[in-house]
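Take a look at the letters that make up each chain.
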Amino acid sequence: MTKLPASLLLASASLLLPSIARAQDTPNSAETAIVKAVDGEAPQAVALLEKLVNINSGTLNLAGVVKVKDVIEPEFAALGFTTKWVPMDQLVARAGDLIAEHPCPLGSGKCGKKLLLIGHMDTVFEPASTFQRYEIVPGTNGRIATGPGVADMKGGLVVMLSSLKAMKAAGVLDTTEITVVLSGDEERFGRPSSIARRDLIAAGKRNDFALEFENAGRTGGVDGVDSVRIGRRSTTSWKLEVTGKTGHSSGVFGKGLGYGAIYELARILDQFRTELTEPGLTYNVGLVLGGTTAERSGDEISGTATGKTNVVPPIALASGDLRCLNQEQAVRVQGKMEAIVRDHLAGTSARIEFAEGYPAMGATPASEALLARLQAVNQTLGFGKEEVADPAAGGAGDIAFVAPYLPGLVGVGAMGAGAHAEGETVYLDSLPKQAKRMAVLMYRLNQDK
């Protein structure tokens, strides 16, 4: 994707700066109405969260993702959005995208800044998981709930809808131009991304700011300090295949047989460990197979291998992922990995392949300025300043696909702990708190004509 020139990003940031100077210490009448509306709708928000969490929508459970869509699509329609379902099952073997558009009644671009709200309907918990139901965590005085996707990101869907409902109740949604894109496969997106993220990228090109309602962090737990991010790392998967000569183990290391495939694999992985280290970079090894025979399964998340202690192994396989702060780092590190792989031990050969993944979202002057607008909202609402989390502390996400086109905030949805693991939790007080933040922020961006 083509990145915006630095001059345009700086210009975008400068457009925000005058509004930052107008930060207020108390809410105006519209903002007071927003806060009141969020509080009034809070019980319904929790009920909606429970309903969504109790629908299994693992990425590969396409019917379950559609069931989530069927629950939330009428919510957007009731707020005056025009909705469209874009199926992807025949294109990338995934459920699809829900697109909801709230046009400016005066014409596009005449209702202040155009906003893109990003989210997803799937979770990492497939039907085979034992983690399937929403419940209040015992001993938390009703403050913490658990369930599959309760924070990542069904809680974010609830925050998004609550903020829009509050804007509607306060009379400010009607003149706000918003596009919502909810994917059905964020946790394991379909390929190619040119199809799977086609609608999102198109929306990114025609809007001014992006808000990604994925789960956010709270340092110190339920009573800790809220955080937000303005960057996301990329993720790229890699596969390594090593071959060598085979024969009786008495000949290992000799001129005839050399070192065998497993020693060569171990050399490569250990050089990755010792030679690739740099700030913001991680490179995980997720699966290793080796022996007389070795083969990955069709889904590449398991495999089989056979071997004997007295046979030099002719094949070894490994796979993992690579996470980088920006595209420049990704290109540089992949080049170093390829050079390490080429430096073979005697009697062996190896090759590495990199697969398409999520791009990186780096911080820009425009996203820094948008962050300042959010901090001004926090000041007005009396919430305190949010911490800015390190991109290395989180995973990749859909907002990175539109990062070349517009600035955005990462993780403005529900707050909790343990995402992607059984026992995932959400701090229920974060639902109204985040909804107030986002509704007031969107209202203020709408005032920038």
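Residues numbered from 1 in each chain as written. Predicted model: local features only at pLDDT ≥ 70, side-chain atom pairs only at ≥ 80, totals over all residues. Heavy atoms only, no water.

Chemist: What am I meant to see in the sheet that holds strand S15 (residues 348–358) here?
Modeler: Adjacent strands of a sheet pair through backbone hydrogen bonds, lying either parallel or antiparallel. In spatial order, the strands read S11-S14-S10-S15; together these 4 strands make up an open sheet with antiparallel pairing. In this open sheet, the two strands that pair with only one neighbour each are strand S11 (282–291) and S15. The sheet shows a mean angle of 15° between the axes of neighbouring strands, taken without regard to direction. Of the strands in this sheet, strand S10 (235–244), S11, strand S14 (315–323) and S15 touch helix H8 (residues 260–275), which is tilted by about 145° from S10. (Pairing = 2+ DSSP bridges. Helix = DSSP H or I, 4+ residues; strand = E, 2+ residues; numbered from the N terminus. Axes fitted to C-alpha atoms, helices over the stretch in contact; angles between N-to-C directions. Contact = heavy atoms within 4.5 Å.)

Chemist: Could you clarify how one ought to interpret the environment of Ala 169 in this entry?
Modeler: Along the chain, Ala 169 falls in helix H5 (residues 154–169). Ala 169 sits 133 residues away from Lys 36 along the chain, and the two C-alpha atoms are 9.3 Å apart.

Chemist: Got a minute to help me understand the packing of aromatic side chains in this structure?
Modeler: By convention here, two paired aromatic rings are described through the distance between centres and the angle between planes. Inspection of the entire model under this criterion finds 8 aromatic pairs. Aromatic pair Phe 189 and Tyr 358: ring centres 4.8 Å apart, planes at 75°, arrangement edge-to-face. Of this pair, Phe 189 sits in the loop between strand S6 (178–183) and helix H6 (193–196) while Tyr 358 is found in strand S15, placing the two residues 169 residues apart along the sequence. Considering the side-chain rings of Phe 253 and Tyr 263, the 5.4 Å spacing of their centres and the 55° angle between planes classify their relative orientation as tilted. Highlighted residues: Phe 253 in the loop between S10 and H8 and Tyr 263 in helix H8, separated in sequence by 10 residues. Judged by relative accessible area, Phe 253 falls into the partly exposed class, the value being 45%. (Phe/Tyr/Trp six-rings, centres within 6.5 Å; stacked < 30°, edge-to-face > 60°. Buried < 20%, exposed > 50% of the residue type's maximum accessible area, 1.4 Å probe, protein only.)

Chemist: What am I meant to see in the environment of Gly 290 here?
Modeler: You can see Gly 290 is positioned in strand S11. C-alpha separation for the pair Gly 290 and Ala 316, spaced 26 residues apart in sequence, amounts to 3.9 Å. Not counting chain neighbours up to four residues away, the residues in contact with Gly 290 comprise Ile 262, Ala 305, Thr 306, Ile 315 and Ala 316.

Chemist: What is the right way to read the packing of helix H3 (residues 62–78) against H5 from this model?
Modeler: Angle between the axes and distance between the axes are the two parameters that describe a pair of packed helices. Two elements in contact, H3 and H5, have axes separated by 11 Å at closest approach and are oriented at 15°. In terms of orientation, H3 and H5 fall into the roughly parallel class. Between H3 and H5 lies a crossing whose hand is left-handed. Here H3 contributes Val 68, Ile 72, Glu 75 and Phe 76 to the contact with H5, which in turn contributes Lys 154, Leu 157, Met 160, Leu 161, Leu 164 and Lys 165. Grouping the amino acids of the contact of H3 with H5 by side-chain chemistry returns 7 nonpolar, no polar and 3 charged. (Parallel < 35°, antiparallel > 145°, perpendicular 65-115°, else oblique. Left-handed = near helix turned anticlockwise from the far one by under 90°. Nonpolar A, V, L, I, M, F, W, Y, C, P; charged D, E, K, R; others polar.)

Chemist: Quick question: what am I supposed to make of a nonpolar patch on the surface here?
Modeler: Residues Phe 253, Tyr 259 and Tyr 263 make up a contiguous nonpolar surface patch of roughly 310 Å² in combined accessible area. Along the chain, the position of Tyr 259 falls in the loop between S10 and H8. The partly exposed category is assigned to Tyr 259, whose relative accessible area is 31%. (Patch = residues over 30% accessible without salt bridge, like charges linked within 9 Å, V, L, I, M, F, W, Y side chains within 5 Å. Areas by Shrake-Rupley, 256 points an atom, 1.4 Å probe, with all protein chains shown as cover. Salt bridge = Lys/Arg side-chain N within 4 Å of Asp/Glu carboxyl O.)

Chemist: Before we go on, may I ask you to explain the sheet that holds S6 in this structure?
Modeler: Read across the open sheet, the 6 strands follow the order S1-S2-S6-S3-S7-S17; overall the sheet is mixed. In this open sheet, the two strands that pair with only one neighbour each are strand S1 (82–87) and strand S17 (408–410). Taking each pair of neighbouring strands and ignoring which way they run, the sheet shows an average axis angle of 15°. Bridging between strand S7 (residues 209–212) and S17 involves 3 bridges; their strand directions are parallel. Across the sheet, the residue bridging to Leu 211 is Leu 409, located in S17. In the packing of helix H10 (residues 365–381) onto the sheet, contacts are made with S7 and S17, and the angle to S17 comes to roughly 70°. In the packing of helix H11 (residues 430–446) onto the sheet, contacts are made with strand S3 (115–120), S6, S7 and S17, and the angle to S7 comes to roughly 175°.

As far as function goes, none of this settles anything; it's purely spatial.
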